[in-house]
Amino acid sequence: PPATMRCHHLTALMISSQTADPVTAQAVDNLKQKLKGGLCVDSVCNATAQQLENLIYPAGFFRRKAIYMKQTAEILRRDYAGDIPKTVQEMCKLPGVGPKMAYLCMQSAWGENAGIGVDVHVHRIVNRLGWVKTKEPEQTRKALEDWLPKEYWTEINPMLVGLGQTTCKARRPQCEKCIVSGLCPSAVLPKNKSKDGANKYKSGNSKIKTKAAINSTKSEITTPKKDPGRGKKTTTTGTAARRSTENNAHSGGSSASKKKPSKNASAGEPADNKRRKKRSKNDDNTGDNKNDSKKNDGLLLD
């Protein structure tokens, strides 16, 4: 029956949101084959939310969609005699139905061209092409309908949705494979295929460095920095240096080369003289001679 077919159109659109086309097709087929009485308003009303979830899984947000489907079926049976609304405004009042679904359902179920169905693909691509400058799909619909001839309203959605699913994707669009990249101001093409006036996206490639810059960078990385506190020789400067020089000159050499005088001999005297003195002097005068030797040592060092 026509009412049942229209119910199929609406149900398929409700499942299709954020869901791949093959998954949507399989979900609708499960509902037709496994629901008691097939896919119609009465069978959806009689099924539980859990049963609907199992039949439409793995569609995106399948739990929420199962609830919306049951609520919508109850409204359709109560207010529309098991059929679907005939206007976009009434259709948008149904749970889980937005403007895009409503306009597409009007075209496919009722055969009425009431407006352009704008989903994320259409919204993204027409902005990339520069046809509109909008932030929301509903703004895009109004902007497109202002200048696009009405005879193209039914064609633009399937055409751009297919392009968005295969080539002009949200992330990493394949501009080099797109047949309209030469007309798209947002296309990102290789250097040898670039076109004048194209607004390039940021590709993430860093600027090419010159050979000198690369060598400079390498030297900064590989050459360790010198520690100013290491390997420094301590040098004597100023007054300390002069004093050290004078003392060395006075003593005839460095202090390290001096020999300590023996306890029993005067410093600087020959060994024979020391022995003679020791033999000639008595024990009482030994201490005085030692003191005199110390005095002589002091005179020699001054």
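1. Let's talk about empty space enclosed by the protein
- One pass over the full model with this rule turns up two cavities of 30 Å³ or more.
- Arg128, Cys168, Cys175, Cys178 and Cys184 are the residues nearest the centre of the largest cavity, which is lined by 16 residues in total.
- For the lining of the largest cavity, the class distribution of residues is 11 nonpolar, four polar and one charged.
- Taken together, Cys7, Leu10, Thr11, Met14, Cys40, Val41, Val44, Met69, Thr72, Ala73 and Leu76 form the lining of the second largest cavity.
- Looking at the lining of the second largest cavity residue by residue, the class counts come to nine nonpolar, two polar and no charged.

2. As for the pattern of salt bridges
- Scanning the model with the defined rule gives six salt bridges in all.
- Through salt bridges with shared partners, a single network forms among Glu138, Arg141 and Glu145.

3. Comments concerning the layout of surface pockets
- Of the voids in this model, the largest pocket is the one considered here, and its volume is about 810 Å³.
- Along its surface, the largest pocket is lined by 32 residues, and Ser16, Ser17, Lys100, Leu104 and Asp119 are the ones closest to its centre.
- Mapped by element, the contributors of at least two residues to the lining of the largest pocket are helix H1 (2-16), helix H2 (21-34), helix H7 (99-109), helix H8 (120-128), helix H9 (137-147) and helix H10 (153-166).
- The element best represented in the lining of the largest pocket is H7, accounting for seven residues.

4. Considerations on unusual backbone geometry
- Each neighbour pair has its own omega, and for tyrosine 57 with proline 58 the value is 10 degrees, a cis peptide bond.
- Inspection of the secondary structure assignment puts proline 58 in the loop between helix H4 (49-56) and helix H5 (62-79).
- A positive phi angle, near 55 degrees, is found at phenylalanine 61, a position not held by glycine.
- If you trace the backbone, phenylalanine 61 turns up in the loop between H4 and H5.

5. Describing the packing of H1 against H2
- At a closest axis distance of 9 Å, the pairing of H1 and H2 adopts a crossing angle of 135 degrees. Between H1 and H2, the interaxial angle falls into the category oblique. Read as a crossing pair, H1 and H2 show a hand that is right-handed. For the pair formed by H1 and H2, the contact residues are His8, Thr11, Ala12, Ile15 and Ser16 on the first element and Thr24, Ala27, Val28, Leu31 and Lys32 on the second.
- Split by residue class, the contact of H1 with H2 holds five nonpolar, four polar and one charged.

6. Regarding the packing of aromatic side chains
- Counting across every chain of the model gives two aromatic pairs.
- A ring pair is formed by tryptophan 131 and tryptophan 147, whose centres lie 5.7 Å apart and whose planes are at 85 degrees; its orientation type is edge-to-face. With tryptophan 131 in the loop between H8 and H9 and tryptophan 147 in helix H9, this pair connects stretches of sequence that are 16 residues apart.
- For tryptophan 131, a relative accessible area of 38% puts it in the partly exposed group.

7. Some thoughts on the environment of leucine 13
- In this fold, leucine 13 is placed in helix H1.
- For leucine 13 and methionine 101, which are 88 residues apart along the polypeptide, the C-alpha to C-alpha distance reads 6.0 Å.
- If we skip the residues at most four places from it in the chain, leucine 13 touches Met101, Leu104 and Cys105.

Analysis parameters
- Residues numbered from 1 in each chain as written.
- Predicted model: local features only at pLDDT ≥ 70, side-chain atom pairs only at ≥ 80, totals over all residues.
- Heavy atoms only, no water.
- 1 Å grid on protein atoms, 1.4 Å probe; cavity = no way out; pocket = protein on both sides within 12 Å on 5 of 7 lines; lining within 4 Å.
- Points joined across faces, edges and corners; volume = space filled by probe spheres on them.
- Nonpolar A, V, L, I, M, F, W, Y, C, P; charged D, E, K, R; others polar.
- Salt bridge = Lys/Arg side-chain N within 4 Å of Asp/Glu carboxyl O.
- Helix = DSSP H or I, 4+ residues; strand = E, 2+ residues; numbered from the N terminus.
- Axes fitted to C-alpha atoms, helices over the stretch in contact; angles between N-to-C directions.
- Parallel < 35°, antiparallel > 145°, perpendicular 65-115°, else oblique.
- Left-handed = near helix turned anticlockwise from the far one by under 90°.
- Contact = heavy atoms within 4.5 Å.
- Phe/Tyr/Trp six-rings, centres within 6.5 Å; stacked < 30°, edge-to-face > 60°.
- Buried < 20%, exposed > 50% of the residue type's maximum accessible area, 1.4 Å probe, protein only.

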